[in-house]
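# Overview (structure and organization)
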Amino acid sequence: MYNCTVGNTQCEALFQEYDVLAARKQVSESAYDTFWILLATILVFLMQSGFAMLEAGTVRRMNVSNILFKNAFDPVIAALTWWICGYAFAFGIDEDGVGGGTLNAFIGNGDFFFTSDGHVEGNYILFLFQWAFCATAATIVSGAIAERCYIVAYFAYSTLLCSLVYPIVVHWVWSTEGWLSPFNSRFDRLNHGMIDFAGSGVVHMLGGFSALAGAFVVGPRLGWVDNKEKLAAATTVEERRQAEAVFAPHDKTLMALGTLILWFGWFGFNCGSTVALSGGMAEVAGKVGINTVLGAAGGGLGIMLITVITDPEHRLLLDPVFNGILGGLVSVTAPCATVDPWAAVVIGLLGSGVYFCSANLVTKLNIDDVLDAAAVHGFCGYWGIIAAGIFSTKSNLAKVYGAEGDVLDDMAGFLYGGNGKQFGTQLLGGLVIFVWAFTLSFLLFFGLKLAGHLRVPEWTEMFGLDSEEHGAEAFSKSFHWAGQVEMKERVKEQPAPLTPPQAEADAEATAEPDAEAEK
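This section reports on the structure supplied with the text. (Residues numbered from 1 in each chain as written. Predicted model: local features only at pLDDT ≥ 70, side-chain atom pairs only at ≥ 80, totals over all residues. Heavy atoms only, no water.)

If you tally the helices and strands in the protein, you get 20 helices and zero strands. A total of 519 residues make up the protein; the buried ones form 51% of that total. In the protein, the share of contacts with a sequence separation of at least 24, taken over all contacts with a separation of at least 6, comes to 76%. With the model as given, the accessible surface of the protein reaches about 22700 Å², and the carbon-plus-sulfur share is 65%. (Helix = DSSP H or I, 4+ residues; strand = E, 2+ residues; numbered from the N terminus. Buried < 20%, exposed > 50% of the residue type's maximum accessible area, 1.4 Å probe, protein only. Contact = heavy atoms within 4.5 Å. Areas by Shrake-Rupley, 256 points an atom, 1.4 Å probe, with all protein chains shown as cover.)

Shown next as structure tokens:
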């Protein structure tokens, strides 16, 4: 035993040594947390490759270069806009007005161009992590309006989403000032904030319903509505096969690869949202990883059963399984930290049903969403928000948000003794995100349509955006370049309606041989 009295040099030396060790421990924990977020950022950014492969496989062969260009350029736009004003609108201002603005619950307004002198190490890694999320939200839209949209129009939308639409929702839900944020301790908030741990609403709902607005305004692809009616009226296997082949994905191998890359990157998306390993967050990250896997598994199993039952031929269809897995992942993203593993399976299973029903609803409304982005990300994202108000447990909420006492009764899901307040908060918060994303996106797309800068000409759509907007196709041997250019010029001169390429080829095949040509 040491006699720690004033002037005892031995005791003072021990205290000093303790302070040094505590400081070293704090530095080590900060370094581990920073590395953890950096690793998660890398995984989330890898999801851009998954989206690129999934979309490239889903579109028709003549539009692959166009969709790849969009996916490659989304992170570019996201990086610049997030640096200029995105981060400022999302998180905006440091403590005590260091960033140069004033605090409010709607939008951040400091740190433009990320120039504040008050930044600490955590700000830099948060900027990077949220940039990857921002790029993901923008990429969701590209698949919905594929094969008929000017690339300049898409870039205009991507700029709006990354600079304004997404950052403001981030401020609402994830900042320390937002009116929907469970971390808000400065201003009045709705109940105790909305539970959206990793972004079912902030990222996926926002991107999915923006995609719905874009697909609605730009209109369906040429012949899509007629082909849909033929498919519905098909009475034989041959008729059904012919109708399915018209707009069928050109490479399911790419679709499978993209889906699995997305699943892999989702661990960074969900587990990385702990934004730390210290302070008990390592255990939370482990549970989040388990729930992520089980949610995806529930979604894949659910959609397989649904399609086998509903398909006229009871086939094991491949395309819906990809979207079912993604729908399960989107559904479990919001509640992944606050529910138990059994609930994650149920959420994924029900998410597959939400995807199936909403995809069919969108199709019946004659909205041509090429990748079912609205169903997978928008509707399943809303279901994930709602699920957090049903299945969240008190013990998980205490670990993740530090809730206690009466707050736990308010925040818990009603299956676990909650009083229903959180369920109402989830419903209202999701509805506000829907209205915000759909309205702003609709206004932009509609303005572009009125200006004539939204949809490409019919002849460009018929022969693909690759050759017209990019000068070359992704698969250069798929068409004879000189012959394609000649055909396009001939179609330009044709009065409406346009002559389909196949009909023209048949006419040439049945025409009598020209003597001069034979010679």
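The N-to-C vectors of helix 6 (residues 224-233) and helix 7 (residues 237-246) enclose an angle of 155 degrees; their axes lie 8 Å apart at closest approach. For the element pair helix 6 / helix 7, the angle class is roughly antiparallel. Regarding helix 6 and helix 7, the two cross each other, and that crossing is left-handed. Across the interface between the two elements, Asn 227, Lys 230, Leu 231 and Ala 233 from helix 6 touch Glu 239, Arg 240, Ala 243, Glu 244 and Val 246 from helix 7. Partitioning the contact of helix 6 with helix 7 into residue classes produces four nonpolar, one polar and four charged. (Axes fitted to C-alpha atoms, helices over the stretch in contact; angles between N-to-C directions. Parallel < 35°, antiparallel > 145°, perpendicular 65-115°, else oblique. Left-handed = near helix turned anticlockwise from the far one by under 90°. Nonpolar A, V, L, I, M, F, W, Y, C, P; charged D, E, K, R; others polar.)

Looking now at the environment of Ser 142. By the secondary structure assignment, Ser 142 is in helix 3 (residues 121-144). Aside from chain neighbours lying at most four places away, what touches Ser 142 is Glu 55, Ile 67, Lys 70, Asn 71 and Tyr 154. At 2.7 Å, the side chain of Ser 142 and the backbone oxygen of Thr 139 are in polar contact. (Polar contact = N/O pair within 3.5 Å; in protein donor to acceptor, adjacent residues only side chain to side chain.)

With the exception of glycine, most residues fall at negative phi, and the peptide bonds are largely trans. Its identity as a non-glycine residue notwithstanding, Asn 191 has a phi of 50 degrees, on the positive side. Relative to the assigned elements, Asn 191 resides in the loop between helix 4 (151-174) and helix 5 (200-218). Accessibility expressed as a relative area gives 24% for Asn 191, which makes it partly exposed. Its identity as a non-glycine residue notwithstanding, Asn 366 has a phi of 60 degrees, on the positive side. Within the element layout of this structure, Asn 366 appears in the loop between helix 11 (341-364) and helix 12 (373-391).

A few words now on the nonpolar core. Counting residues in hydrophobic clusters, the biggest one holds 123 residues, and the most contacted among them are Trp 82, Leu 161, Tyr 166 and Leu 206. If you tally residues by element for this core, the top one is helix 4, at 15 residues. (Core = buried A, V, L, I, M, F, W, Y, C linked by side-chain atoms within 4.5 Å.)

The terminal C-alpha atoms of helix 11 lie 35 Å apart, and with 24 residues this matches the ideal 34 Å at 1.5 Å per residue to within 8%. For helix 11, the secondary structure elements touched by its buried residues are helix 5, helix 9 (281-310), helix 10 (319-333) and helix 12. Where helix 11 terminates, the next one or two residues include Asn 366, which has phi positive at roughly 60 degrees. (Expected span 1.5 Å × (residues − 1).)

This part takes up the packing of aromatic side chains. Summed over the entire model, instances satisfying the criterion amount to 33 aromatic pairs. When the centroid spacing of 6.0 Å and the interplanar angle of 35 degrees are considered together, the rings of Phe 69 and Phe 155 count as tilted. Separated by 86 residues along the polypeptide, Phe 69 in helix 2 (residues 64-90) and Phe 155 in helix 4 bring together distant segments of the chain. When the centroid spacing of 4.8 Å and the interplanar angle of 80 degrees are considered together, the rings of Phe 209 and Phe 434 count as edge-to-face. One end of the pair, Phe 209, is in helix 5; the other, Phe 434, is in helix 15 (residues 421-450), and 225 residues separate them in sequence. With a relative accessible area of 26%, Phe 434 lands in the partly exposed category. Site record: aromatic cluster; members linked through ring pairs are Trp 82, Tyr 87, Phe 91, Phe 114, Tyr 124, Phe 127 and Tyr 166. Positioned above the aromatic ring of Tyr 154, the side-chain terminus of Lys 70 is 5.2 Å from the ring centre. (Phe/Tyr/Trp six-rings, centres within 6.5 Å; stacked < 30°, edge-to-face > 60°. Lys NZ or Arg CZ within 6 Å of the ring centre and 35° of its normal.)

A word on the pattern of salt bridges. The full count for this structure, using the stated rule, is 13 salt bridges. Here Glu 283 and Lys 399 are joined by a salt bridge, their closest N and O atoms 3.2 Å apart. Placement of the pair is Glu 283 in helix 9 and Lys 399 in helix 13 (residues 394-401), with a sequence separation of 116 residues. Across the pair Arg 315 and Asp 311 runs a salt bridge, and its minimum N-O distance is 3.0 Å. Judged on exposure class, the residue Arg 315 and its partner Asp 311 are both buried. Because the salt bridges share partners, they merge into one network encompassing Arg 60, Glu 147, Arg 221 and Asp 368. (Salt bridge = Lys/Arg side-chain N within 4 Å of Asp/Glu carboxyl O.)

This part covers the side chain of Ser 158. Among the secondary structure elements, Ser 158 is positioned in helix 4. Ser 158 has contacts with Asp 74, Ile 77 and Ala 138, leaving out every residue within four places of it along the chain.

Turning our attention to the packing of helix 9 against helix 10. Helices that pack against each other are described as a pair by the angle of their axes relative to one another and the distance between those axes. For the pair helix 9 and helix 10, interaxial distance at closest approach is 7 Å and the crossing angle is 140 degrees. On the basis of their axis angle, the class for helix 9 and helix 10 is oblique. Note on packing geometry: the crossing formed by helix 9 with helix 10 is right-handed. Taking contact as the criterion, the partners of Asn 291, Thr 292, Gly 295, Ala 296, Gly 299, Gly 300, Ile 303 and Thr 307 in helix 9 are, on helix 10, Pro 320, Val 321, Gly 324, Ile 325, Gly 328, Leu 329 and Val 332. Among the residues making up the contact of helix 9 with helix 10, the classes are represented as seven nonpolar, eight polar and no charged.

This part is about the environment of Asp 368. Following the sequence through the fold, Asp 368 ends up in the loop between helix 11 and helix 12. You can call Asp 368 buried: its relative accessible area is 1%. Sequence spacing of Asp 368 and Gly 214 is 154 residues, and the spatial spacing of their C-alpha atoms is 9.9 Å. Sequence-distant contacts of Asp 368, that is, excluding residues within four places in its chain, are made with Ala 144, Arg 148, Ala 215, Pro 220, Arg 221 and Trp 224. Engagement of the side chain of Asp 368 in a polar contact is seen with the side chain of Trp 224, the distance being 3.3 Å.

By themselves, these are just geometric observations and shouldn't be taken as functional.
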